[in-house]
Amino acid sequence: MDPHALLLFLGVDVLLVCTPGPDWLYIVARGLGQGRRAALTAVVGVCAGYAVHTLLSAAGLAAALRAVPALLPALRLAGAGYLALLAVGTLLTLRRGGSGRAPVAAGGSQPGRTVLRQSLLTALLNPKGLLLYLSLVPQFVTPDGSLPVGGQVAALGAVNVLCCAAVYSAVALGAARLGGRLGASPAAARRLSAVSAVLLLAVAGVTAAA
């Protein structure tokens with residue numbers, strides 16, 4: 001595809017990814033409540049979800065969603081509900097007197113595969129990725145380019161996934177470092193878990209209202 005269009009898309013995409021939003025809040029919640037490993041695992045899950053969005057969009061799902069606009073609001077509400085469910089689970093565990101870094105998931109005791117699965121599902125239910133392919137990507141696709149349209153969408157999607165991986169990893173490490181400093185005692189760790197749950201509720205609210 002046109003290198004100029006690719007570089008222009010990269011510049012726009014970096015600006016979008018660097019703008020704090022629901023993804024940032026979700027990863028910060030993981031870092032504060034569970035530490036570095038969980039935060040980085042969350043980044044992997046979110047990026048994997050966007051990779052799936054890329055493949056589906058290259059296969060034509062974006063065009064299908066454009067033809068059936070009601071699917072996006074349904075997807076948005078499902079994602080908001082799932083995030084709210086994770087947050088409520090954390091708050092209920094804290095209320096029952098769970099010790100240490102409680103859930104957003106179950107603190108340090110939660111298996112990495114569980115964090116990965118939850119983060120992947122969160123990304124898949126987040127309409128932001130699909131909206132990127134509905135609104136931004138088509139502006140950089142050339143119908144008569146050297147690559148077919150599906151190939152161009154896949155290339156642009158790969159650029160977005162790489163940008164997300166780099167920026168969100170930095171966010172995850174920063175949040176985990178801050179959480180490690182603030183959560184040195186069990187009482188402080190419980191407060192951080194509560195803060196992370198509130199952040200997840202905020203993400204759910206932003207997603208539902210988008």
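Not measured: the values here are computed from a predicted model.

Visitor: Please provide a residue-by-residue account of the overall build of the chain, values included.
Guide: A tally of regular secondary structure across the chain gives nine helices and zero strands. Across the 210 residues that make up the chain, the buried fraction comes to 44%. Nonlocal contacts in the chain, meaning residues at least 24 apart in sequence, comprise 84% of its contacts between residues at least 6 apart.

Visitor: Tell me about a positive patch on the surface, and please be specific about residues and values.
Guide: Among the surface-exposed residues, R36, R37, R177 and R181 lie close enough to one another that they form a single positively charged patch. Those elements that provide at least two residues to the positive patch are helix 3 (36-58) and helix 8 (149-182). Turning to its location among the elements, R36 is positioned in helix 3. Residue R36 is classed as exposed on the basis of its relative accessible area of 57%.

Visitor: Break down the nonpolar core for me, citing the residues and quoting the values.
Guide: One finds F9, I27, V137 and Y168 to be the most contacted residues of the largest nonpolar core, which totals 29 residues. Within the residue set of this core, elements represented by two or more residues are helix 1 (3-18), helix 2 (22-34), helix 3, helix 6 (112-124), helix 7 (127-136) and helix 8. Sort the elements by how many residues they give to this core and helix 8 lands first, with 10 residues. The contact partners of F9, leaving out residues within four places of it in the chain, are L136, V137, F140, L156, V159 and N160.

Visitor: Which residues make up the confidence of the model for the chain, and what are the values?
Guide: Note that predicted coordinates carrying low pLDDT should not be read in detail. On average, residues of the chain score 76 in pLDDT, and 70% of them are at 70 or above. Of all helices and strands in the chain, the one with the weakest mean pLDDT is helix 4 (residues 61-67) (61), whereas helix 3 scores best (90). In the predicted structure, residues 98-109 sits below a pLDDT of 50 and forms 41 contacts with residues beyond four places in sequence or in another chain.

Visitor: Explain helix 1 to me, and be specific about the residues and the numbers.
Guide: Spanning 16 residues, helix 1 covers 22 Å between terminal C-alpha atoms, matching the ideal 22 Å at 1.5 Å per step. Where helix 1 is concerned, the buried positions are A5, F9, D13 and V17. Taken down its axis, helix 1 places every buried residue within 95 degrees of arc, on the same side. In helix 1, the exposed positions that point more than 90 degrees away from the buried face belong to P3, H4, L7 and L15.

Visitor: Mind laying out the packing of helix 3 against helix 8, listing which residues take part and the relevant values?
Guide: For the pair helix 3 and helix 8, the least separation of the axes is 9 Å and the interaxial angle reads 165 degrees. By the angle between their directions, the pair helix 3 and helix 8 is classed as roughly antiparallel. Handedness of the crossing formed by helix 3 with helix 8: right-handed. Residue composition of the contact of helix 3 with helix 8, by class: 18 nonpolar, five polar and one charged.

Visitor: Describe the environment of T54, naming the residues involved and giving the relevant values.
Guide: Looking at the element boundaries, T54 is found in helix 3. Note: C-alpha distance between T54 and G150 (96 residues apart in sequence) is 9.7 Å.

Visitor: Lay out the state of the cysteines in plain terms, naming residues and giving numbers.
Guide: Scanning the entire structure with this criterion turns up zero disulfides. Residue C18 stays outside any disulfide, its sulfur separated by 8.0 Å from that of C163, the closest cysteine. By relative accessible area, C18 is classed as partly exposed at 38%. We note that C47 lacks a disulfide partner, and the nearest cysteine sulfur, in C164, lies 5.5 Å from it. A residue is classified by how much of its surface remains accessible, and C47, at 8% relative accessible area, is buried.

Basis of the calculations
- By convention here, each chain's residues receive numbers from 1 onward along its written sequence.
- Whole-chain, interface and lining totals are the exception, using all residues; otherwise, since this is a predicted model, local features are given only for residues with pLDDT of at least 70 and side-chain atom pairs are given and counted only at 80 or more.
- Side-chain measures here rest on the full set of heavy atoms in the structure, leaving out hydrogens and waters.
- Only DSSP runs of H or I with at least four residues qualify as helices, and only runs of E with at least two residues qualify as strands; both kinds are numbered from the N terminus onward.
- For every residue, the accessible area obtained with a 1.4 Å probe (protein chains only) is divided by the maximum for its type, and the residue is called buried under 20%, exposed over 50%, and partly exposed between those limits.
- Any two residues whose heavy atoms approach within 4.5 Å at even a single point are treated as in contact.
- Patch membership needs two things, relative accessible area over 30% and no salt bridge, and members are linked within 9 Å if like-charged or within 5 Å if nonpolar (Val, Leu, Ile, Met, Phe, Trp, Tyr).
- To measure how exposed things are, a 1.4 Å probe is used in the Shrake-Rupley method; for residues, cover is taken only from the protein chains shown.
- A pair is scored as a salt bridge if a Lys or Arg side-chain nitrogen falls within 4 Å of a carboxyl oxygen belonging to Asp or Glu.
- Just so you know, the count uses Lys and Arg for positive and Asp and Glu for negative, and it drops His and the chain ends.
- Working definition for charges: the position is that of NZ of Lys, CZ of Arg, CG of Asp or CD of Glu.
- Here the nonpolar core consists of buried residues drawn from Ala, Val, Leu, Ile, Met, Phe, Trp, Tyr and Cys, with membership extended through side-chain atoms lying within 4.5 Å.
- pLDDT expresses how confident the predictor is about each individual residue, on a scale running from 0 to 100.
- Helix span is expected to be 1.5 Å times the residue number reduced by one.
- In this context, the arc is that of the directions from the helix axis out to the C-beta atoms.
- Lines fitted to C-alpha atoms define the axes here, with helix axes fitted over just the stretch in contact, and angles between the N-to-C directions of these axes take values from 0 to 180 degrees.
- Any angle from 65 to 115 degrees is called roughly perpendicular, while one under 35 is roughly parallel, one over 145 is roughly antiparallel, and all others are oblique.
- Each crossing gets its hand from how the near helix is turned against the far one by less than a right angle, where anticlockwise is left-handed and clockwise is right-handed.
- Note that Gly is not counted as nonpolar here; it falls among the polar residues with everything else outside the nonpolar set of Ala, Val, Leu, Ile, Met, Phe, Trp, Tyr, Cys and Pro and the charged set of Asp, Glu, Lys and Arg.
- We call a pair of cysteine sulfur atoms a disulfide when they lie within 2.5 Å.

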